[in-house]
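# Observations on chain architecture
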Amino acid sequence: MPKNRFVDIEQLIIKGRFKEAQDLLAKIEKSKGISKEDLLTSQVLNAEILNHLGDFQNASEQIENILKEIDNQEFPLVYLDALLQKSFILYRIGKIEECSILNEKCEQLIQTLKKTPAKVLAKRKAILLHIKGAISHVKGNFDESTDYLLEALTFAEEYGNKQIISYVLSNIGLNHQFMGNLEKAEKYYDQALKLAEKIGNKQEIARAYHRFGWLYNLKFEKNQAVAYFKKSIKYALESGSKRDLPWIYADMGNLYLDMFELDKALECSQEQLTLREKDPYSHDALTTIAYINHLKGDYKQAIEYYRKALKICEEIGDKRRSLPSILYNLVQSSIENNELQQAQDYVEYLKRISNEVEEKRVDTYYKLAKALVLKTDTRIRRWVEAELIFEEILEDKELIPYFTIVALLNLTELQFRELQLSANKEELQEIKRNITKLYAIADKGQFYNLLICTLRLQSQIALVELDPQKALQLLSQALILSKDIGLKKLDSEIISEQKQINEQLKKWEGFKEEKTPLSEILKHVSLENGIKNISKEAVLEERDKKSGVIIEYRKLFALKI
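Please read these numbers as outputs of a predicted model, since none were measured by experiment.

What follows is about the overall build of the protein chain. Counting its secondary structure elements, the protein chain contains 28 helices and two strands. Judged by the C-alpha coordinates and their principal axes, the protein chain covers about 105 × 50 × 40 Å. The 561 residues of the protein chain split such that 55% are buried. Sequence separation of 24 or more characterises 61% of the internal contacts of the protein chain that already satisfy a separation of 6 or more. Summing over all exposed atoms, the protein chain offers an accessible surface of approximately 26200 Å²; the carbon and sulfur share of this is 48%. Each charge class in the protein chain was averaged separately, 84 positive and 86 negative side chains, and the resulting centres sit 3 Å apart.

Here you go:
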C-alpha cells in the first residue's frame, strides 16, 4: 500500500479533521493484502485520533492490542509510536508515575534508532518532550516544564507538524501565565492561535481561545474573557472532541465566580464534573463546587468537597499546583465552621508541603493560613504574631492581587481591634494607609464591590477624624458606583448611612468643638465591623417576588484563588 496514504491521514489529523481520517483508516484496514506493519500503523493512528477525541478508554484498548502483537525488534518505529500514545493516555488519566516510567523507556528506545532519519525521529522526540513538559506542569514545576516544551518546539518545527507546534506554544504560554508573566503568555497564545487558524484545526483554535479566556480573566477584562470562553466551547464542539471541554468549563466557571454569578459558575462546574466522571483531574470541578458552597455559607458541604479534591491531588502527586490552595481553603472553611483544631491540622499539613516543595507561592499560602488561625485566638500576643506575618507577606512587591488583598484586609482588621483598645492616632494613620492601598488595588483591578466597601470604610475614617462632610462625599461616590453595577442592597445601606450622618451632624460638630478624645469618638463608629463586612460578607439572595424561590446568589466581595 502506498505510504503517502498515511501521509494524507497524518495531514488530516494535523488539521483536526478526525472523522475523515478515521474513515480513510477504516478503508485501509479492510484492504486486501495489507501488510502487518501497515495494519499496525493504521491502528496506532486510529488510537492517536481517539486520544485527540478524548476517548481514552478505547484508545487504551487499541494500544494494548497492538503491543501484544509486536515488540521493539519487529517494527521498532511502530512500537515506539504505540508507546508514545500509551504515555499520552497515562498522562491524561492521571497515572503520572506510570507515565514517567514509560517516558524513560521511550527515551531509551529513541536512542537505539540511530539509523532512522533525524526528521522522522524529530516528531517522536517532540511528542515525548511535550508529554514530559505536561507532567512537570501538573506537578507545578513550571520552569522545568518550559524547558521541556521549548525543546519539544524545536523538534516539532524540524518535523513540520503545525498541530504539535500550536499545542506546545499554548502550553509554554500556560507556564508563563502560572508564573505571572502575562505578557509572555499572551505572546505564545497569539502564536498558537494564528497557527491553528492557518491549518484550520478547530480543536487547537478552541485551546487557544480557552487560554485567552483565562488570561483575560486574570487581567480583569471579564467581558472579553466570557467572549473567548464562549468561542472556545463553540470550536471545541465543532471539532467533535470532548477532550478539552472539562478544562474550558472549569475556567469559565471560575470566571463566573469572579463575576459573582454563582448559578452560572455552578452550571459550568456541573458540566465539567459530568464530563470528568472518572477523570483524576476532577479536583478542579470539586474545588469550584466547594467554593460556591463556601460562599453560600454551607461550610460543612464546602469542606466535604474540598476533602474530595484534596484526596485526588494526593493520588496524582499534585503538591504544587492545586493542593496548596485546597488546603488553604480548608483552613478558611474550618475556621468559618468553628473547627479550629481541624484548621490548625491543615496549617501543619501546608507547612510540610511548603518545606518539601520550597516554592514562594506555596509558602505564602502557608503563612496566610497560619496567620488566619492566629487571628482567631483571644490573646493579644497571638494577634501580634498574625500581624507580623501579614506585614512580612506584604513586603513582597511581586505579590499577586489576591494575596495582597487578603493580607491587607486581615492586617487592617487586627489594627482596628488595637485602635479600639489603645485609641492611638499613629495606629489610625496606619489604618488609613492600608485602606488607601486597598482602594488602589480595587480601582486598578476593577473590583467594584471592594471599591464600594473601601469608600464606605474611608467614610467611617472621616467620621473618626470629625469630618462629616468628607464622609458624606465618600458615600456619594460609593452610591454612584453601587447604582452603576445594580447592587440595590448596597444602595439602601449607603443611603441609610448618609441619612444617619445628616441626622447626627450636630453631634459630630459638637465633638469637634469640644475636642473629644479619640477613645470616646471610636465608641460611635464601628470600624472593625466595617472591615469584617468586606472579607466576610453574607451572601445576598435574590428571590422571585411571587414564589419566594431563590433565583440567584451574590456575594459582595469574593476572589477565588
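In this section: the side chain of His283. Within the secondary structure, His283 sits in helix H15 (residues 283–295). Residue His283 is classed as buried on the basis of its relative accessible area, which comes to 2%. Dropping the residues within four chain positions of it, His283 is found in contact with Ala309, Ile312, Cys313, Ile316, Asp318, Arg321 and Ser322.

Counted by the stated rule, this structure contains 33 salt bridges. A salt bridge links Glu97 to Lys139, with the nearest nitrogen and oxygen atoms 3.2 Å apart. Of this pair, Glu97 sits in helix H6 (residues 96–112) while Lys139 sits in the loop between helix H7 (118–138) and helix H8 (142–159), placing them 42 residues apart in sequence. Judged by its relative accessible area of 48%, Glu97 is partly exposed. A relative accessible area of 21% places Lys139 in the partly exposed class. Here Arg320 makes a salt bridge to Glu359, at a shortest N to O gap of 3.3 Å. With Arg320 in the loop between helix H16 (299–316) and helix H17 (323–336) and Glu359 in the loop between helix H18 (340–357) and helix H19 (360–375), this residue pair connects regions lying 39 residues apart in the sequence. As far as burial versus exposure is concerned, Arg320 and Glu359 are alike and both buried. Look at the salt bridges and you will find they share partners, linking Asp377, Arg379, Arg382 and Glu385 into a network.

Take Ile110: it is sitting in helix H6. A sequence separation of 72 residues divides Ile110 from Asp38, and the C-alpha atoms of the two residues are 21 Å apart. Ignoring any residue separated from it by four or fewer positions in sequence, one finds Ile110 in contact with Leu80, Leu121, Arg124, Lys125 and Leu128.

Okay, the packing of H17 against H18 next. Where H17 contacts H18, the axes come no closer than 8 Å and their chain directions differ by 160°. When the axis of H17 is compared with that of H18, the two are roughly antiparallel. In this structure, H17 meets H18 at a crossing whose hand is left-handed. Where H17 abuts H18, its residues Leu323, Pro324, Leu327, Tyr328, Leu330, Val331, Ser334 and Ile335 lie against Leu340, Gln342, Ala343, Tyr346, Val347, Tyr349, Leu350 and Ile353.

Mean pLDDT over the protein chain: 86, with 91% of residues reaching 70 or higher. Contacts for the low-pLDDT stretch residues 536–543, under 50 throughout, to residues beyond four places or in other chains number 28 contacts. Within the model, pLDDT remains below 50 along residues 548–561, and this stretch shows 64 contacts once partners closer than five positions in the same chain are excluded.

The backbone of Leu466 shows a phi angle near 60°, a positive value even though the residue is not glycine. As for its placement among the helices and strands, Leu466 is situated in the loop between helix H23 (448–464) and helix H24 (468–484). Assessed through its relative accessible area of 12%, Leu466 is described here as buried.

Another aspect to go through is the nonpolar core. Core analysis: the largest hydrophobic core is formed by 78 residues, its most contacted members being Leu310, Leu327, Tyr328, Leu368 and Phe390. Among the elements that make up this core, the one with the highest residue count is H19 (nine residues). Apart from residues no more than four positions distant in its own chain, Leu327 is found in contact with Leu310, Tyr346, Tyr349, Leu350 and Ile353. Grouped together as the second largest cluster of nonpolar side chains are 52 residues, Leu67, Leu113, Ala122 and Ile164 included.

What follows concerns the packing of aromatic side chains. The full count for this structure, using the stated rule, is 13 aromatic pairs. Where Tyr216 meets Tyr228, the ring centres are 5.3 Å apart and the plane angle is 35°; that geometry is what we call tilted. Of this pair, Tyr216 sits in helix H11 (residues 202–218) while Tyr228 sits in helix H12 (residues 222–239), and the two are 12 residues apart along the sequence. With respect to burial, Tyr216 and Tyr228 carry one shared label: buried. When the ring of Tyr328 is compared with that of Tyr365, the centres are 5.7 Å apart and the planes differ by 40°; the resulting orientation is tilted. With Tyr328 in helix H17 and Tyr365 in helix H19, this pair connects stretches of sequence that are 37 residues apart. With respect to class, Tyr328 is no different from Tyr365; both count as buried. Three or more aromatic residues link up through ring pairs in this structure, and these residues are Tyr189, Tyr209, Phe212, Tyr216, Tyr228 and Tyr235. For Lys219, the ring lying beneath its charged end belongs to Tyr216, and the centroid distance is 4.7 Å. Between the NZ or CZ atom of Lys507 and the centre of the ring of Trp508, over which it lies, the distance is 5.0 Å.

Rules of the game
- Residues numbered from 1 in each chain as written.
- Predicted model: local features only at pLDDT ≥ 70, side-chain atom pairs only at ≥ 80, totals over all residues.
- Heavy atoms only, no water.
- Helix = DSSP H or I, 4+ residues; strand = E, 2+ residues; numbered from the N terminus.
- Buried < 20%, exposed > 50% of the residue type's maximum accessible area, 1.4 Å probe, protein only.
- Contact = heavy atoms within 4.5 Å.
- Areas by Shrake-Rupley, 256 points an atom, 1.4 Å probe, with all protein chains shown as cover.
- Lys, Arg positive; Asp, Glu negative; His and termini not counted.
- Charge placed at Lys NZ, Arg CZ, Asp CG, Glu CD.
- Salt bridge = Lys/Arg side-chain N within 4 Å of Asp/Glu carboxyl O.
- Axes fitted to C-alpha atoms, helices over the stretch in contact; angles between N-to-C directions.
- Parallel < 35°, antiparallel > 145°, perpendicular 65-115°, else oblique.
- Left-handed = near helix turned anticlockwise from the far one by under 90°.
- pLDDT = per-residue confidence, 0-100.
- Core = buried A, V, L, I, M, F, W, Y, C linked by side-chain atoms within 4.5 Å.
- Phe/Tyr/Trp six-rings, centres within 6.5 Å; stacked < 30°, edge-to-face > 60°.
- Lys NZ or Arg CZ within 6 Å of the ring centre and 35° of its normal.

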